[in-house]
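# Structural overview for review
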Amino acid sequence: MENNERPKRPQKPAGSNWTEEQWQAIACRGGNALVTAGAGSGKTRVLVERVLQLITDQDNPLEIDRLLVVTFTNAAAAEMKQRIGAALEKAIRENPRFTHLRRQLLLLNSAHISTVHSFCLEVIRQYYYLRDLNPSLRVLDETEAELLRQEVMEEILEEYYEKQEAGSAFYRLAEIYSSDRGDRDLQLLVQRLYNFSRSHTRPASWLREKAVAFRVEGAAALEQTPWLQELQRECSLQLESIIGRLQEALALAERPGGPEPYVGNLQAELRAVEKIREASFLSWQELFAAFQSPVFSRLPQCRGDAYDPLLKERVAKVRDGCKKELEKIKGEFFQRTLEEQAQELQSMAPLLDILAELVLAFEERYRQVKDEKGAADFADLEHYALQILSRPGEPSALGGPSPLPEPSEAALECRSRFAEVLVDEYQDINPVQEAILRLVSRLEPEGNLFMVGDVKQSIYRFRLAEPELFLQKYKGYSSGSLPGESIALARNFRSRREILAGVNYLFGQIMDEAVGEIEYDGEAQLLYGAFYPDSSPEEGENPYTPELLLIDRSGAPGEGDGIPGEGSSVPGEGDVVPGNGATVEEELEEMTE
């Protein structure tokens, strides 16, 4: 595009019911775009309309097979094709002479609308000869893959038991992760590490780097490691929680009828924990020193009818919980000096080396077995596609100083073929998938990557998703530090006003950047976009008022520890969401009665 001009955006049709934000997502052109689509915001409808606008553009209509649309599941891909097909049929009825539309309907079945793994398999079958791969690969089902992994794992460990000497790092590792029932825990550890490493673009390098990280030279070097700094931040968060609960206990003690003799102790203990938290923003050594000072002392006697026994019990219970948590933090992290911990890490380094060696041996043998069977698992599809799309030797550079490897001829062909790459559920992709998508899309500032997702709905970290990829682009596009457009679809068309008010209030209290990786502020909140009728006065109490159901996992069902008159309310707009604070058990009992 000359002079960095963006293509002309289509005008919003007169009389359409698209919101301004939805139309912005549909019509943006000429660069990468990230759409933050909150729950119930109509993102699938927006994606379908964007595809339709691209293939029916009056000036430059695209063929639908020049679009790559990546969905998270096969069901989502099928739904996307069905919706696009229905929209094309409607457009053909309205404009029967537009032959281009009929051609798109014919091309729809062969359009590149699929999961990322289906696309990877397509790349392998088209370009297998570039990396001497089997074009007839079949994908292992989970049962067969599990049996193969178990068989390979037992073979590898048997070989190590035979060739390693007693007292070696391997036998020390096996002793730690074995019991009288066998070494199942060691097998699971190796397989978990193997699975996690495969979500990285260079698994072997990643494993070796993590093992080397345990070879720290003294306390000063340990204090600079990213995981110790993360531990320090985590301690600060836990201390903040303890402070909040001590403040709650103090407020209860100062109530009429509260255990007033406890107030002096609680004030002193609160100041002591606040001092420890201040040290958490300094150095680990200062935090260690702060934890060595005593915090909690014996509570004074509190007898007589002037004190409410429920308030007294509640204050003591909250305080005891804070005391136990503080002791737990100290016991886990602050019983040994930093120098002692550095020595312990150094003694563990040989164990990490042999563990990495075991994972790599397992990876190699498992790959050989799969090759013999002409089979692959989903992670293999990603890595084979990445090999094909990168110049020989380049995948090893991923994650290093260069953000992307040099694209291969196959990747350049894909870039020229796909006019746009659209990715749904972008918050749930991993680094390998990200590299693949970037290799087949144009680079900034003339990017053609259109990403849709919501980091607040990222629930697949256990499947090795990396929501940080979404957050990096969200922050970069929003601030202008990265070339790209950030669009927010915050209007919810699915739920009533009362539901949204309750959800916004609840997550406004518990979700922030430290806990949920994103601040639940005005930009993150769900806005009411539906048109449900309000409840009428004849209905009495609002029947749509949400209730917060709590599960108390600390005690027996039905044993609450709240103060009478203090429900777990969820206020919202105009305090119209009182809630009843019932436990799930109580709610179910009431429903069955």
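The structure displayed is predicted, hence computed values, not measured ones. Going along each chain's sequence as written, the residues are numbered from 1 onward. Reporting of local features is limited, given that this is a predicted model, to residues whose pLDDT is at least 70; pairs of side-chain atoms are given and counted only at 80 or more, and all residues count toward the totals for whole chains, interfaces and linings. With hydrogens and water excluded, all non-hydrogen atoms of the structure serve as input to the side-chain values.

## As for the environment of Phe 72
Secondary structure elements are defined from DSSP: runs of H or I of at least 4 residues count as helices, runs of E of at least 2 residues count as strands, and each element is numbered from the N terminus. Positionally, Phe 72 belongs in the loop between strand E2 (67-71) and helix H3 (74-94). Working definition: with a 1.4 Å probe on protein chains only, accessible area under 20% of the residue-type maximum means buried, over 50% means exposed, and in between means partly exposed. Taking the relative accessible area as the measure of exposure, Phe 72 reaches 29% and is therefore partly exposed. For Phe 72 and His 117, which are 45 residues apart along the polypeptide, the C-alpha to C-alpha distance reads 9.3 Å.

## Observations concerning a nonpolar patch on the surface
A grouping of Tyr 128, Tyr 129 and Leu 130 is seen on the molecular surface, where their side chains present a nonpolar patch of about 290 Å² in accessible area. Summarising the element assignment, Tyr 129 is placed in the loop between helix H5 (116-127) and strand E4 (138-139). Given the relative accessible area of 53%, Tyr 129 is considered exposed. Only residues whose relative accessible area exceeds 30% and that take part in no salt bridge are eligible for patches, with like-charged residues grouped when within 9 Å of each other and nonpolar side chains (Val, Leu, Ile, Met, Phe, Trp, Tyr) grouped when within 5 Å. Here the open area of atoms and residues is found with the Shrake-Rupley method and a 1.4 Å probe, where only the protein chains shown may cover a residue. Whenever a carboxyl oxygen of Asp or Glu lies within 4 Å of a side-chain nitrogen of Lys or Arg, that contact is scored as a salt bridge.

## Focus: the packing of helix H1 (residues 20-27) against helix H2 (residues 43-55)
Between H1 and H2, the least distance of the axes is 8 Å, while the angle of their chain directions is 45 degrees. Taken together, the axis directions place H1 and H2 in an arrangement best described as oblique. Once H1 is placed against H2, the crossing between them reads as right-handed. Where H1 abuts H2, its residues Gln 22, Trp 23, Ala 25, Ile 26 and Ala 27 lie against Arg 45, Val 46, Glu 49, Arg 50 and Gln 53. Residues were grouped as follows: Ala, Val, Leu, Ile, Met, Phe, Trp, Tyr, Cys and Pro as nonpolar; Asp, Glu, Lys and Arg as charged; and all remaining residues, including Gly, as polar. Residue classes in the contact of H1 with H2 are distributed as 5 nonpolar, 2 polar and 3 charged. To obtain an axis, a line is fitted to C-alpha atoms, over the contacting stretch when the element is a helix, and the angle between two such axes runs from 0 to 180 degrees between their N-to-C directions. When describing relative orientation, an angle under 35 degrees is termed roughly parallel and one over 145 degrees roughly antiparallel, while 65 to 115 degrees is termed roughly perpendicular and anything else oblique. The crossing is said to be left-handed when, going from far helix to near helix, the turn is anticlockwise and less than a right angle, and right-handed when the turn is clockwise. We call two residues in contact when some of their heavy atoms are within 4.5 Å.

## Considerations on the pairing of strand E7 (residues 449-453)
Within E7, 5 of the 5 residues are buried, which leaves the element mostly enclosed by the surrounding structure. Burial along E7 is two-sided: Leu 449, Met 451 and Gly 453 and Phe 450 and Val 452, pointing in opposite directions, are all buried. Where strand E1 (residues 33-37) meets E7, 4 bridges bridge the pair, whose relative direction is parallel. Bridging from a neighbouring strand, Leu 34 pairs with Met 451 of E7. Pairing analysis gives 3 bridges linking strand E6 (residues 420-423) to E7, with the strands arranged parallel. Each bridged residue has a counterpart across the sheet, and for Val 421 the counterpart in E7 is Leu 449. For the segment spanning E6, helix H18 (residues 431-439) and E7, crossover handedness is right-handed. Two strands qualify as a pair provided DSSP detects at least 2 bridges between them. A crossover gets the label right-handed when its path from the first strand over the helix to the second runs clockwise, viewed with the strands pointing away from the viewer.

## Some points on the sheet that holds E7
Spatial strand order, E3-E2-E6-E7-E1-E8: 6 strands in an open sheet with parallel pairing. With one partner strand each, in any of the chains shown, strand E3 (112-115) and strand E8 (485-489) form the two edges of the open sheet. Recorded for the sheet is a direction-independent mean angle of 15 degrees between the axes of neighbouring strands. Where E1 and E8 come together, 5 bridges link them in parallel fashion. Note that in E8 the partner of Leu 34 across the bridge is Ser 486.

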